[in-house]
Amino acid sequence: MKKNTSPAAHDSPVIKFIVGEQIPVELHKVRIVQKLNLKPVNERLRAIQDAGFNSFLLSTQDVFLDMLTDSGTNAMSDQQVASMLVADDAYAGSQSFERLQKAVKEVFGKKYFLPAHQGRAAEHIIFHAFIRQGDVIPMNYHFTTTKAHIELPGGVIEEIFTSEALKIKSSHPFKGNIDIEKLKKLIKKHGVDRIPFVRMEASTNLIGGQPFSIENMRQVRKVCDQHKIMLVLDASLIGENAYFIKQREAAFKKKSIAEILRTMCDLSDLVYFSSRKVSSTRGGGICTNDVHLYDKLKDLVILFEGFLTYGGMSVREIEAMAVGLRETQDETCISQSPQFIKYLVEHLDAAGVPVVTPAGGLGCHIDAKGFLPHVPQTEYPAGALTAAFYIISGVRGMERGTISSVRDVSGKDILADMELLRLAMPRRVFTLSQVKYVADRLQWLHKNRKLIGGLQFEYEPAVLRFFTGRLTPTSDWPQKLMAKFKKDFGNSL
Ligand SMILES: *Cc1c(COP(=O)(O)O)cnc(C)c1O
């Protein structure tokens, strides 16, 4: 009998072109659409002024392509929407929760599951339970909410990435790896008692959506086992990490995404995730096979989130999350955004626009230090580039640089390792022509980069300042940039 020739679990879902340009092709169709607004440039300038030059404070009424984040903005599948209609409303013992538990077991291989209303809530619970004043948490890289929630009970993060991790231009396939020697040294320095767990983040968000390899994870596991330290996996972007493992790690070329996901989770004692990313819904959760860990955390879920069968989520979200988790095993689903990102990154790279390479998950990351060498880091080049790009394109990106950092005790900015404009590529949301528009406008901006100046804080909140802080330009550069745009583009948008 002929082998199964259905959409192969083990083959890449990329369509080859024999004539012309290789382009990623969507393996889904669009059935519900939402109208977008592309406002004229002077209205965009006014909008960003009103938003204190902070893209978080823009209204989507004034945004053309919303590339702020992939959080809660991935497109849902028809199956997900359909599942919401059969949700079982109950405070306790909801069948919707049982279906979710089953999906978690199937996808992550973990028996015990605790729901939480989003990723940071899972972090809050885990870190509250395991971190004491003065503890040290080794990790490949931090995420903003992770750092804040580790520092809350008095913990300190220690990033032990490899020398490749922060290089803008690189061909290293796994920039998200942990440096094993640094891990060993750290354990020696602080002692096992001070290290409640090691954290690995799949597709490291803040350094460009860069994955780690299974080989690296196995080595981390080995060190953890030697010292009886727990390994915690932040699985918020696990689908993309699994996809890159399949693409880039020889031993896993022939494995299915489902098998790779399981391998990563099997190596972890505790897995937590933001469902806003991994399964295109709200919500999040924590899972484990260790009943003692489960017991240690479950009362905190009841205290902070809600009863154990909803954890702050609605039953509709719970149903959609179960379907979304299963869809993470489907390569045609999780490969779309990395393929579009690769297309954008490679086009920009070829055009001389400084971008983080190799292309990662989550989005395209523009190197603002390379783009704006004339803007000092204390004037927030990534924030300035984000605002400038919005003015000239209506595209909303996110600053991932020093504005997303914090100040030291003396009040000085702790300069971020990287100054990035992140253009997130939520799953199955944008078309290739929209991506081409982004590439075109970025190239125009790069040619006119000298016109862009810096920013300074006008209002600065004490925690997670990037969300609600307000800034002003250090000169009238936004007006000059708009004038040049009008000169080149005339009355067109
Ligand atoms: C988004 C994210 C979180 C936090 O999740 P929320 O649902 O936004 O609270 C944690 N870790 C990583 C890696 C993330 O990308």
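The structure displayed is predicted, hence computed values, not measured ones. (Residues numbered from 1 in each chain as written. Predicted model: local features only at pLDDT ≥ 70, side-chain atom pairs only at ≥ 80, totals over all residues. Heavy atoms only, no water.)

This part covers the overall build of the chain. Across its full length, the chain carries 19 helices and 12 strands. Its C-alpha atoms give the chain a radius of gyration of 22 Å, within 12% of the compact-globule value 23 Å for 493 residues. Its C-alpha atoms put the chain at 65 × 65 × 45 Å along the principal axes. A total of about 20800 Å² of accessible surface is found on the chain, and carbon and sulfur atoms cover 53% of it. Of the charged side chains in the chain, 64 are positive and 54 negative, and the gap between their average positions amounts to 4 Å. (Helix = DSSP H or I, 4+ residues; strand = E, 2+ residues; numbered from the N terminus. Rg over C-alpha atoms; globule rule 2.2 N^0.38 Å. Areas by Shrake-Rupley, 256 points an atom, 1.4 Å probe, with all protein chains shown as cover. Lys, Arg positive; Asp, Glu negative; His and termini not counted. Charge placed at Lys NZ, Arg CZ, Asp CG, Glu CD.)

Taking 1.5 Å of rise per residue, 12 residues should cover 16 Å, and helix H4 (residues 119–130) covers 17 Å from first to last C-alpha, within 8% of that figure. Counting buried positions over the 12 residues of H4 gives nine, a clear majority of the element. Regarding H4, the residues found buried are Gly-119, Ala-121, Ala-122, Glu-123, Ile-125, Ile-126, Phe-127, Ala-129 and Phe-130. (Expected span 1.5 Å × (residues − 1). Buried < 20%, exposed > 50% of the residue type's maximum accessible area, 1.4 Å probe, protein only.)

Here the focus is the side chain of Arg-221. Along the chain, the position of Arg-221 falls in helix H7 (residues 214–227). By relative accessible area, Arg-221 is classed as buried at 14%. Filtering out sequence-adjacent residues up to four positions away, Arg-221 remains in contact with Ile-229, Leu-231, Leu-267, Ser-268 and Asp-269. (Contact = heavy atoms within 4.5 Å.)

For the structure on display, the rule yields 28 salt bridges. The salt bridge partner of Lys-147 is Glu-151, with a shortest N-O separation of 3.1 Å. In this pair, Lys-147 and Glu-151 both sit in helix H5 (residues 144–151), four residues apart, roughly one turn of the helix. Using a relative accessible area of 39% as the deciding quantity, one classes Glu-151 as partly exposed. Of the charged contacts, one joins Glu-181 and Lys-184 as a salt bridge, the two residues approaching to 3.6 Å between their closest N and O atoms. Highlighted residues: Glu-181 and Lys-184, both in helix H6 (residues 180–190), separated by three residues, approximately one helical turn. Judged by relative accessible area, Lys-184 falls into the partly exposed class, the value being 39%. (Salt bridge = Lys/Arg side-chain N within 4 Å of Asp/Glu carboxyl O.)

According to the domain assignment, the chain consists of domain 1 (7–70 + 333–489) and domain 2 (78–329). Its C-alpha centre places domain 1 at a distance of 27 Å from the equivalent point of domain 2. Across the contact, 35 residues belong to domain 1 and 43 residues belong to domain 2. Looking only at domain 1, the three residues that lose the most surface to domain 2 are Ile-334, Met-418 and Arg-427, adding up to 21% of its buried area. There are four salt bridges connecting domain 1 and domain 2. (Domains from an automatic or database assignment. Buried area = accessible area lost by both parts, 1.4 Å probe.)

Moving on, we get to the nonpolar core. Ile-366, Leu-423 and Leu-445 are the most contacted members of the largest nonpolar core, which has 60 residues in total. With nine residues, helix H16 (residues 381–393) is the largest single contributor of residues to this core. Each residue touching Leu-423, except ones within four places of it in the same chain, is listed here: Met-67, Leu-362, Gly-363, Cys-364, Ile-366, Phe-389, Val-395, Gly-397, Val-438 and Leu-442. Formed by 52 residues, the second largest nonpolar core is a distinct cluster that contains Leu-183, Ile-229, Ala-322 and Leu-325. (Core = buried A, V, L, I, M, F, W, Y, C linked by side-chain atoms within 4.5 Å.)

So, about the sheet that holds strand E9 (residues 398–400). Across a sheet, strands are paired by hydrogen bonds formed along the backbone, either parallel or antiparallel in direction. Strand order in the open sheet formed by three strands is E8-E10-E9, with antiparallel pairing between adjacent strands. Only two strands of the sheet have a single neighbouring strand rather than two, namely strand E8 (363–367) and E9. If you compare each strand with its neighbour and ignore which way they point, the axes differ by 30° on average. Of the strand pairs in this sheet, E8 and strand E10 (residues 420–424) are connected by five bridges, and their pairing is antiparallel. Paired with His-365 across the two strands is Arg-422, which belongs to E10. (Pairing = 2+ DSSP bridges. Axes fitted to C-alpha atoms, helices over the stretch in contact; angles between N-to-C directions.)

Taken together, the neighbourhood of the ligand is formed by 13 residues, with Gly-119, Arg-120, Asp-234, Ser-274 and Lys-277 sitting nearest. The contact in question runs from an oxygen atom of the ligand to an N or O atom on the side chain of Gln-118, over 2.9 Å. In this structure, Ser-274 approaches the ligand through a side-chain N or O atom, which is 2.6 Å from an oxygen atom. Out of a free accessible area of 380 Å², the ligand has 99% covered by protein chains. Put simply, the parts of the chain that give the shell around the ligand at least two residues each are H4 and helix H10 (275–278). It is H4 that provides the largest number of residues to the shell around the ligand, a total of three residues. (Near = heavy atom within 4 Å. Polar contact = N/O pair within 3.5 Å; in protein donor to acceptor, adjacent residues only side chain to side chain.)

Quick look at the side chain of Arg-44 now. Mapped onto the fold, Arg-44 is located in helix H1 (residues 41–50). Despite its burial, Arg-44 pairs with no opposite charge; the closest candidate is Glu-43, at 9.0 Å N-O. A distance of 2.6 Å separates the side chain of Arg-44 from the backbone oxygen of Lys-39, its partner in a polar contact. Setting aside anything within four residues of it in sequence, one finds Arg-44 in contact with Leu-38, Lys-39, Tyr-390, Ile-391, Ile-392, Ser-393, Gly-394, Phe-485 and Leu-493.

Let us now look at the environment of Leu-152. Tracing the chain through its elements places Leu-152 in the loop between H5 and strand E3 (156–159). Between the C-alpha atoms of Leu-152 and Ile-391, which are 239 residues apart in sequence, the distance is 37 Å.

Between the first and last C-alpha of helix H17 (residues 432–447) there are 23 Å, a value that for 16 residues agrees with the 22 Å anticipated at 1.5 Å per step. Listed as buried for H17 are Leu-432, Gln-434, Val-435, Tyr-437, Val-438, Ala-439, Arg-441, Leu-442, Trp-444, Leu-445 and His-446.

It is worth spelling out the confidence of the model for the chain at this point. Across the chain, the average pLDDT comes to 95, with 98% of residues at or above 70. Note on residues 1–9: pLDDT under 50 across the span, and three contacts to partners over four residues away in sequence or across chains. (pLDDT = per-residue confidence, 0-100.)

Where H6 contacts H7, the two axes come as close as 10 Å, and the packing angle between them is 15°. The angle between the axes of H6 and H7 places the two elements in the roughly parallel class. H6 and H7 meet at a crossing whose hand is right-handed. On the side of H6, the interface is formed by Ile-180, Leu-183, Lys-184 and Ile-187, while H7 contributes Asn-216, Gln-219, Val-220, Val-223 and His-227. (Parallel < 35°, antiparallel > 145°, perpendicular 65-115°, else oblique. Left-handed = near helix turned anticlockwise from the far one by under 90°.)

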